[in-house]
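Architecture and fold: a report
Letter by letter, the chains look like this.
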Amino acid sequence: MEKNVEMSKNAQFRAIQPSPSILSFVEDNLLGRRRPIELRRAGYNIELSAPLDNIPFSTSSERERIEENIFRNKLEFFAAAKVSSSFPAPDLPEIAFAGRSNVGKSSMLNALTRQWGVVRTSDKPGLTQTINFFKLGTKLCLVDLPGYGFAYAKEEVKDAWEELVKEYVSTRVSLKRVCLLIDTKWGVKPRDHELISLMERSQTKYQVVLTKTDTVFPIDVARRAMQIEESLKANNSLVQPVMMVSSKSGAGIRSLRTVLSKIARFAKV
């Protein structure tokens, strides 16, 4: 019976018809699993890491500069909090990155700023045990939240992390948006829904960002985005559209930078 239910879910997923706008975004950004020859034909230098985070048909052998000025600033760690009393003063607009353990939050921060190594990544899920604050110049703060759902820690420690995340998300006055990272392959899980419900109740603006898009076929990236947009379309605090990225290939990173830089330009604390 469980096998039949799973097959039914897969059949329902395959039956999803993505909208033309989602399909166009997937193709324009070369999202999904792609062959190197596709990237080369599209004008990208596949010798670079994250080759799609670049300007196509660039004549330079080096990566072109980041197009959004704010993301050219040095990313600097300046605070970590295990309790809310340790939160730094809310002097800058904040964009927080939330999601299940191993969804790729730290990799996302590194990819957005091209400053690999500033935010520590690990193959061991649940390594981020504090809320970590990073300044991006003098205009914006990026916040790495502890992952939830799976972590190498005792249950009471994990419970404390999750309560801390909930308090931050629902009460932080300088928080302008939460990027809710969802693994493209697995979609929205019950713990994600818990955080979504909390953000709806506290009227916290959030935007879904699909990660690890390079692990599935392009049509499945589009199906997942469509599935999430449809399931959450009645939510008042959700910011559309669903963004789609791969920190590994660089796909969609430039589009996400554009969206987030607008927050920095117009947000006031």
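All figures in this text were calculated on a predicted structure; none of them were measured in a lab. (Residues numbered from 1 in each chain as written. Predicted model: local features only at pLDDT ≥ 70, side-chain atom pairs only at ≥ 80, totals over all residues. Heavy atoms only, no water.)

Quick notes on the environment of Arg63
Worth spelling out the cut-off: Note on conventions: DSSP H or I runs of at least 4 residues are helices, E runs of at least 2 residues are strands, and numbering of each starts at the N terminus. The contact rule is simple, with two residues in contact once any of their heavy atoms fall within 4.5 Å. We define a polar contact as two N or O atoms separated by no more than 3.5 Å, with the added condition that, inside protein, one atom must be a possible hydrogen donor and the other a possible acceptor, whereas residues neighbouring each other in sequence contribute only through side-chain atom pairs.
If you trace the backbone, Arg63 turns up in the loop between helix H3 (36-41) and strand E1 (75-81). Residues Arg63 and Asp53, 10 residues apart in the sequence, show an inter-C-alpha distance of 8.2 Å. In contact with Arg63, not counting residues within four places along its chain, are Leu48, Ser49, Ala50, Pro51, Asp53, Asn54 and Arg114. A polar contact of 2.5 Å, which involves the side chain of Arg63, links it to the backbone oxygen of Ser49. A polar atom in the side chain of Arg63 sits 2.9 Å from the backbone oxygen of Ala50.

Brief notes about the sheet that holds strand E7 (residues 243-244)
In plain terms, the rule: Here, a strand pair is defined by DSSP locating no fewer than two bridges between the strands. Lines fitted to the C-alpha atoms define the axes, with helices restricted to the stretch that makes contact. Angles between their N-to-C directions range from 0 to 180 degrees.
Spatially, seven strands are ordered E1-E3-E4-E2-E5-E6-E7 in an open sheet, and the strand pairing comes out mixed. The strands lining the two open edges of the sheet, one partner per strand, are E1 and E7. Those strands touched by helix H6 (residues 190-201) are strand E2 (94-99), strand E5 (175-183) and strand E6 (206-211), and its axis lies near 160° from that of E5. Running at roughly 160° to E5, helix H8 (residues 253-266) makes contact with E2, strand E4 (140-144), E5, E6 and E7 of the sheet.

Digging into the packing of aromatic side chains
Between two aromatic rings, the relevant description is the distance of the centres plus the angle of the planes. Rules: The aromatic pairing rule takes the rings of Phe, Tyr and Trp, using the six-membered ring of Trp, and pairs them if the centres are within 6.5 Å, calling planes under 30 degrees apart stacked, those over 60 edge-to-face and the rest tilted. Residue burial is assigned from relative accessible area. The probe radius is 1.4 Å, only protein chains are included, and a residue is buried under 20% of its type maximum, exposed over 50%, and partly exposed in between. In our convention, an over-ring charge means Lys NZ or Arg CZ found within 6 Å of a ring centre and within 35 degrees of that ring's normal.
Throughout the structure, instances matching the rule amount to five aromatic pairs. On the numbers, 6.1 Å between centres and 75° between planes, the contact of Phe133 with Tyr168 is edge-to-face. Of this pair, Phe133 sits in strand E3 (residues 131-136) while Tyr168 sits in helix H5 (residues 155-171), and the two are 35 residues apart along the sequence. Judged by relative accessible area, which is 0%, Phe133 ranks as buried. Judged by relative accessible area, which is 0%, Tyr168 ranks as buried. Aromatic ring contacts, followed pair by pair, group Phe78, Phe87, Phe133 and Tyr168 into a single cluster. The cationic tip of Arg33 hangs over the ring face of Phe217; the distance from NZ or CZ to the ring centre is 4.6 Å. One Lys or Arg, Lys135, reaches over the ring of Phe78 and ends 4.9 Å from the middle of that ring.

What about unusual backbone geometry?
In this structure, the amide linkage connecting Gln240 to the following residue, Pro241, adopts the cis form with an omega of 0°. Examined against the element boundaries, Pro241 turns out to sit in the loop between helix H7 (218-232) and E7. Even without being a glycine, Asn102 presents a positive backbone phi close to 70°. By the element assignment, Asn102 lies in the loop between E2 and helix H4 (105-113). For Arg114, which is not a glycine, the phi torsion comes out positive at approximately 55°.

Let's talk about the pairing of E5
Cut-off, in case you're wondering: A clockwise course of the path from the first strand over the helix to the second, judged with the strands pointing away from the viewer, identifies a crossover as right-handed.
Most of E5 sits inside the fold, with eight of its nine residues counted as buried. Handedness of the crossover is the feature at issue here: the chain leaves E5, passes through H6, returns alongside E6, and the resulting connection is right-handed.

Some points on the pattern of salt bridges
When charged atoms on two side chains of opposite charge get close, those side chains can pair. To keep things clear, this is the line we draw: Put simply, a salt bridge is a Lys or Arg side-chain nitrogen that is within 4 Å of an Asp or Glu carboxyl oxygen.
The final tally for this structure, using the stated rule, is 12 salt bridges. As a salt-bridge pair, Glu27 and Arg34 come within 3.1 Å of each other at their nearest N and O atoms. By relative accessible area, Glu27 is classed as partly exposed at 43%. Residue Asp53 pairs with Arg114 through a salt bridge whose shortest N-O separation is 2.9 Å. Taken as a pair, Asp53 in the loop between H3 and E1 and Arg114 in the loop between H4 and E3 lie far apart in primary sequence, 61 residues in all. In this pair, the class of Asp53 matches that of Arg114, namely buried.

Quick word on the confidence of the model for the protein chain
How we decide: Known as pLDDT, the predictor's per-residue confidence is scaled from 0 to 100.
Summing up the model confidence of the protein chain, the mean pLDDT is 90 and the portion of residues at 70 or higher is 88%. Taken together, the stretch residues 122-126 has pLDDT below 50 and engages in 12 contacts with residues farther than four places along the chain or on a different chain.

Side note on H8
Keep this limit in mind: The span expected for a helix works out to 1.5 Å for each residue beyond the first. It is the directions from the helix axis to the C-beta atoms that the arc portrays.
A rise of 1.5 Å per residue sets the reference length of H8, with its 14 residues, at 20 Å; its end C-alpha atoms lie 21 Å apart and thus fit the reference within 8%. Of all the residues in H8, the buried ones are Ile253, Leu256, Arg257, Leu260, Ser261, Ile263 and Ala264. Viewed along the axis of H8, the buried residues span an arc of 150°, placing them on a single side of the element. Opposite the buried face of H8, by more than 90 degrees, sit the exposed residues Arg265 and Phe266. Here the buried face of H8 lies against E2, H4, E4, E5, E6 and E7.

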